[in-house]
Amino acid sequence: MSSNQRIYNFNAGPAALPLPVLETIQKEFLNFAGSGMSITEISHRSKWFDDVINDAVLRVKRILKLDDRYHVLFIQGGASMQFCMIPMNLLGSGDTADYVNTGTWSTKAIKEAQSQGKTITVVASSEDKNFSYIPKSINFDPKAVYAHITSNNTIKGTQWADFPDTGGVPLVADMSSDIFSRPFDVNKFGLIYAGTQKNMGPAGVCMVIIRDDLLARTPKDIPTMLRYTTFSESNSMYNTPPCFTIYTIQLVLKWLEETIGGLGKMAEINREKGELLYGFMDQSGFYKGTAEKDSRSLMNVTFRLPSEDLEKKFVAEATANGLGGLKGHRSVGGCRASIYNPTSLEAVTALVNFMKEFEKKNS
Ligand SMILES: *Cc1c(COP(=O)(O)O)cnc(C)c1O
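Here's what I pulled together on the structure shown here. (Residues numbered from 1 in each chain as written. Predicted model: local features only at pLDDT ≥ 70, side-chain atom pairs only at ≥ 80, totals over all residues. Heavy atoms only, no water.)

**Section: helix H4 (residues 104-114)**
Along H4, the residues classified as buried are Ser106, Ala109, Ile110 and Ala113. The buried residues of H4 occupy an angular sector of 100 degrees when projected down its axis, which confines them to one face. Looking at the packing, one finds that the buried side of H4 touches helix H3 (78-90), strand E3 (96-101), strand E4 (119-125), strand E5 (147-150), strand E6 (152-153) and strand E9 (189-195). (Buried < 20%, exposed > 50% of the residue type's maximum accessible area, 1.4 Å probe, protein only. Helix = DSSP H or I, 4+ residues; strand = E, 2+ residues; numbered from the N terminus. Arc of directions from axis to C-beta. Contact = heavy atoms within 4.5 Å.)

Dropping the structure here:
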């Protein structure tokens, strides 16, 4: 298949990757860096792979402006594994943590902490309005070890525009679906985690950024593979890491820095994409965004049509027109356009043009 037969991909995850990254993978696939082998065939203990993982870590540190207190780890088990690893590593007996519940993924994070018998407090929730907004003026416990938030709610289409003031308690954030989409002050955060299949690569690994003070809490009496220090002490190679995934992440980060021009530029493009799509929806009586305006996500745009039949027809016709992945999450229905970093302004423009046509024919 040639690249001009590729569709506009609005999948929520695994999701679109930048075309130049895919082309590099294709070009290098049979003979990686002069090794005479594919990246999927070389040893993770080789100089070739060392260069890949070290460059990936270096780029993460540079892009997010991380100082030496922060460690960048790659851990398998996805973001879902972090729901259990975070309380397991950070909360000892007598410790407490605060959680904000903003949707499906926060709910799961809360459940995993509670099922281990950890003491946590849900300090705010937007469940009363079907998770359509981000709670404001939250009272955090100054004695909590950490305060957990989900920075972008992939399924409900909401996103924290500004991060909350916790009064110095370190934030722990699930950034699976908006990492590297905008600049932010990392110093408020003690731990950031992101499953890589939304905004930074293929599935197979979760990136964890952890600060020294939280790393120091890791107990010694939990299983080796569930301990953060196991990964920080081995450059994420205590056992075999998913080499291909990490290699692709390295290429995506290189694309972000060298082709896009960094996080500031990326945020500008993402804002432009969001304004185009939300701007169109706001003047249409046909499409209705499900998130409250000040809580809207620039990554996952969730919306409804006048009826479920029309939604089905919309998704089917869009697919037939080369616009894929617009069906809402199976748990909420409706429609969703995921417009992560690799999804271009051109793709969003094509979507808006299709939406206009569809509205004309069906309203
Ligand atoms: C997709 C997603 C997850 C789950 O990620 P897995 O890697 O499949 O475990 C968790 N949190 C958020 C915000 C997500 O978007």
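There is more to say after this.
**A look at the site of the ligand**
Taken together, the neighbourhood of the ligand is formed by 13 residues, with Ser80, Thr154, Asp174, Gln197 and Lys198 sitting nearest. Asp174 is positioned such that a nitrogen or oxygen atom in its side chain is 2.6 Å from a nitrogen atom of the ligand. Contact with the protein chains hides 87% of the accessible area of the ligand, taken as 390 Å² for the molecule alone. Per-element accounting of the shell around the ligand gives the leading share, 4 residues, to H3. (Near = heavy atom within 4 Å. Polar contact = N/O pair within 3.5 Å; in protein donor to acceptor, adjacent residues only side chain to side chain. Areas by Shrake-Rupley, 256 points an atom, 1.4 Å probe, with all protein chains shown as cover.)

**Let's talk about the sheet that holds strand E10 (residues 206-211)**
Taken in spatial order, the 7 strands make up an open sheet running E2-E10-E9-E8-E5-E3-E4, and their pairing is mixed. Edge strands, defined here as strands with exactly one partner in the open sheet, are strand E2 (70-75) and E4. Taking the axes of each pair of neighbouring strands and ignoring which way they run, one obtains an average angle of 20 degrees across the sheet. Pairing of E2 with E10 involves 6 bridges; the strand directions are antiparallel. Along E10, the bridge assignment pairs Ile75 with Cys206. The strands touched by helix H2 (residues 47-64) are E2 and E10; relative to E2, the strand with the most contacts, the crossing angle is about 130 degrees. (Pairing = 2+ DSSP bridges. Axes fitted to C-alpha atoms, helices over the stretch in contact; angles between N-to-C directions.)

**Digging into the side chain of Thr218**
Within the secondary structure layout, Thr218 lies in the loop between helix H5 (212-215) and helix H6 (228-232). Here Thr218 falls in the buried class, since its relative accessible area comes to 8%. Within polar-contact distance, the side chain of Thr218 engages the backbone oxygen of Leu215 at 2.9 Å. Thr218 has contacts with Asn89, Arg227, Tyr228 and Thr229, leaving out every residue within four places of it along the chain.

**Observations concerning the environment of Asn153**
Among the structural elements, Asn153 can be located in strand E6. A residue is classified by how much of its surface remains accessible, and Asn153, at 2% relative accessible area, is buried. For the pair Asn153 and Asn300, spaced 147 residues apart in the sequence, the C-alpha separation amounts to 7.9 Å. A polar contact of 2.8 Å, which involves the side chain of Asn153, links it to the side chain of Thr102.

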